[in-house]
Amino acid sequence: MKEKAYKGPERRQFLRLDYVTPLAYKVCKKKTLSILLQGYTSNISQSGLLCNIKEPVNKNDILWVSFDRTTLNVCEDLEKRSLIYQNGIIGKVVRAQHKKDGSYNVGIQFITREEKNITNIYPKVYFLQSGQKDEEA
């Protein structure tokens, strides 16, 4: 089933910039945390990004994403606002759309440092840290 295009007023707080670059990511779940996956970004703003990946993810999944942020001015604010962990940004899947070629367009909203813990984000970040300790042992 194809989603209808939204025709209402613009809801985005920040302007999106076309930005295509390789992306590494992890799905923050016990079974997938140790698997580094690949994709690429399509566009980015201070509050999130659209990326293209081959593996399916679910809405509300928490992802760790890493990509070259050094060339974008928008990333200066992103670095100040977002939750950064091991040089990656923590984000939540807000949209996942299956494409005809088998890949997925995935919208990720960056988790901000000021965000209230309404979606159990911090326990999942803690899981990232404790998972790393397990790997070191």
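Attention here is on the structure that accompanies the text. (Residues numbered from 1 in each chain as written. Predicted model: local features only at pLDDT ≥ 70, side-chain atom pairs only at ≥ 80, totals over all residues. Heavy atoms only, no water.)

What about the overall build of the protein?
Then step 1. Helix and strand counts for the protein stand at 2 helices and 8 strands.
Then step 2. For the protein, the N- to C-terminal ordering of α and β elements is β-β-β-β-β-α-β-β-β-α.
Then step 3. Long-range contacts, defined as pairs at least 24 residues apart, comprise 63% of the intrachain contacts of the protein with a sequence gap of at least 6.
Then step 4. Carbon and sulfur atoms form 51% of the exposed surface of the protein, whose accessible area is close to 9000 Å². (Helix = DSSP H or I, 4+ residues; strand = E, 2+ residues; numbered from the N terminus. Contact = heavy atoms within 4.5 Å. Areas by Shrake-Rupley, 256 points an atom, 1.4 Å probe, with all protein chains shown as cover.)

So, the environment of I89
Then step 1. Take I89: it is sitting in strand β7 (residues 88-98).
Then step 2. Here the alpha-carbon distance between I89 and F110, two residues 21 residues apart in the chain, equals 7.0 Å.

Details of unusual backbone geometry
Then step 1. Positioned with a positive phi, Q86 is a non-glycine residue whose angle comes to about 45°.
Then step 2. Within the secondary structure, Q86 is located in the loop between β6 (84-85) and β7.
Then step 3. Taking the relative accessible area as the measure of exposure, Q86 reaches 44% and is therefore partly exposed.
Then step 4. Of note, N87 is a non-glycine position whose phi angle comes to about 65°, a positive value.
Then step 5. By the secondary structure assignment, N87 is in the loop between β6 and β7. (Buried < 20%, exposed > 50% of the residue type's maximum accessible area, 1.4 Å probe, protein only.)

Here we look at the pattern of salt bridges
Then step 1. All told, the structure shown has 1 salt bridge when counted by the stated rule.
Then step 2. D61 is the salt-bridge partner of K29, the closest N and O atoms lying 3.3 Å from each other. You can see K29 sitting in the loop between β2 (22-27) and β3 (37-44) and its partner D61 sitting in the loop between β4 (48-53) and β5 (62-66), a full 32 residues away along the chain. (Salt bridge = Lys/Arg side-chain N within 4 Å of Asp/Glu carboxyl O.)

Observations concerning the side chain of D61
Then step 1. Look at D61 and you get buried, because its relative accessible area is 9%.
Then step 2. Residues contacting D61, with those up to four places away along its chain left out, are V27, K29, G91, K92 and V93.

Let's talk about the packing of aromatic side chains
Then step 1. Inspection of the entire model under this criterion finds 0 aromatic pairs.
Then step 2. Residue placement shows K26 over the ring face of W64; its charged tip is 5.7 Å from the ring centre. (Phe/Tyr/Trp six-rings, centres within 6.5 Å; stacked < 30°, edge-to-face > 60°. Lys NZ or Arg CZ within 6 Å of the ring centre and 35° of its normal.)

Observations regarding the pairing of β4
Then step 1. Buried residues dominate β4, accounting for 6 of its 6 residues.
Then step 2. Here β4 shows no split at all, with G48, L50 and N52 on one side and L49, C51 and I53 on the other all buried.
Then step 3. Two elements, β3 and β4, share 5 bridges in a ladder whose sense is antiparallel. In the strand pairing of β4, G39 is matched with I53.
Then step 4. As consecutive antiparallel partners, β3 and β4 are separated by 3 residues. (Pairing = 2+ DSSP bridges.)

What about the nonpolar core?
Then step 1. Y25, I53, L63, V65, F67 and V106 are the most contacted members of the largest nonpolar core, which totals 19 residues.
Then step 2. Listed by contribution, the elements that provide at least two residues to this core are β2, β3, β4, β5, β7 and β8 (104-110).
Then step 3. Dropping the residues within four chain positions of it, I53 is found in contact with L23, Y25, G39, S103, Y104 and V106.
Then step 4. Core analysis: the next-biggest nonpolar cluster, separate from the first, contains 7 residues, C28, I62, W64 and I90 among them. (Core = buried A, V, L, I, M, F, W, Y, C linked by side-chain atoms within 4.5 Å.)

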